[in-house]
Amino acid sequence: MFGDRFYKLKRSLNNLAFKMSFVKLTPGSSRPLLPVVSFLVLGFTIFVLGGGLFVAVGAGGAGVQGLLNVQQGLAFVVPGDVNNQTPQEFILASLLYALGVAGLYMLFLSTRNAYRPKWAYSYMMLGVILTIVFIGTAYFVLYNKIPYR
């Protein structure tokens, strides 16, 4: 008795929600823009983590706009100052973050392909290598930025 009424209410609310939706999806398609939005959010996150806002605003001033004249270490890293960043360092940091994300995604894919051992081991090894390269290179760059010991 009450089940029929709730079923009708639920159905009418679902129909109302469908009629009020502004994005009309074709029957059978399930969120076609989800991968595009995911890549855009990931790209924006890498942009922010890499220091893109710092470089875009120009907060570093005139002294850190290009290659620097340093005696040792990397020429595009501000030595002894972890608060400044050159545009070249932003590009390197963004590429490193993308490399780290790709490595972690490969590790995720290795678990998804557990039923195919060759693919799983390949994804796992590639993911571990990419992640180790990311961590090692990021550590090396940060070590060059730490004030002189």
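For the structure, see preceding data.
Now for a description of the structure that goes with this document. Just so you know, these numbers come straight off a predicted model, no measurement behind them.

Let's shift gears to the packing of helix α4 (residues 87-112) against helix α5 (residues 117-145). Contact geometry for α4 and α5: axes closest at 7 Å, N-to-C directions at 155°. The pairing of α4 with α5 is recorded here as roughly antiparallel in orientation. The element α4 and its partner α5 pack so that their crossing is left-handed. A class-by-class count of the residues in the contact of α4 with α5 yields 19 nonpolar, 6 polar and 2 charged.

Along the chain, Gly43 turns up in helix α2 (residues 34-50). On the accessibility criterion, Gly43 (37% relative accessible area) is partly exposed. Between the alpha carbons of Gly43 and Ser94 there is a distance of 9.3 Å; along the sequence they are 51 residues apart.

Turning our eyes to something else, we now look at a nonpolar patch on the surface. Taken together, Tyr121, Met124, Met125, Val128, Ile129, Ile132 and Val133 make up a surface patch of nonpolar side chains, about 650 Å² in accessible area. The residue Met125 is located in helix α5 in this model.

The next subject is the layout of surface pockets. Within this model, the largest pocket holds a volume of roughly 370 Å³. Lining the largest pocket are 19 residues, and of these Glu89, Ala93, Tyr97, Val141 and Leu142 lie nearest its centre. For the lining of the largest pocket, the class distribution of residues is 12 nonpolar, 5 polar and 2 charged.

What counts, and at which threshold
- Residues numbered from 1 in each chain as written.
- Predicted model: local features only at pLDDT ≥ 70, side-chain atom pairs only at ≥ 80, totals over all residues.
- Heavy atoms only, no water.
- Axes fitted to C-alpha atoms, helices over the stretch in contact; angles between N-to-C directions.
- Helix = DSSP H or I, 4+ residues; strand = E, 2+ residues; numbered from the N terminus.
- Parallel < 35°, antiparallel > 145°, perpendicular 65-115°, else oblique.
- Left-handed = near helix turned anticlockwise from the far one by under 90°.
- Nonpolar A, V, L, I, M, F, W, Y, C, P; charged D, E, K, R; others polar.
- Buried < 20%, exposed > 50% of the residue type's maximum accessible area, 1.4 Å probe, protein only.
- Patch = residues over 30% accessible without salt bridge, like charges linked within 9 Å, V, L, I, M, F, W, Y side chains within 5 Å.
- Areas by Shrake-Rupley, 256 points an atom, 1.4 Å probe, with all protein chains shown as cover.
- Salt bridge = Lys/Arg side-chain N within 4 Å of Asp/Glu carboxyl O.
- 1 Å grid on protein atoms, 1.4 Å probe; cavity = no way out; pocket = protein on both sides within 12 Å on 5 of 7 lines; lining within 4 Å.
- Points joined across faces, edges and corners; volume = space filled by probe spheres on them.

None of the figures reported here should be taken as evidence of function without further support.
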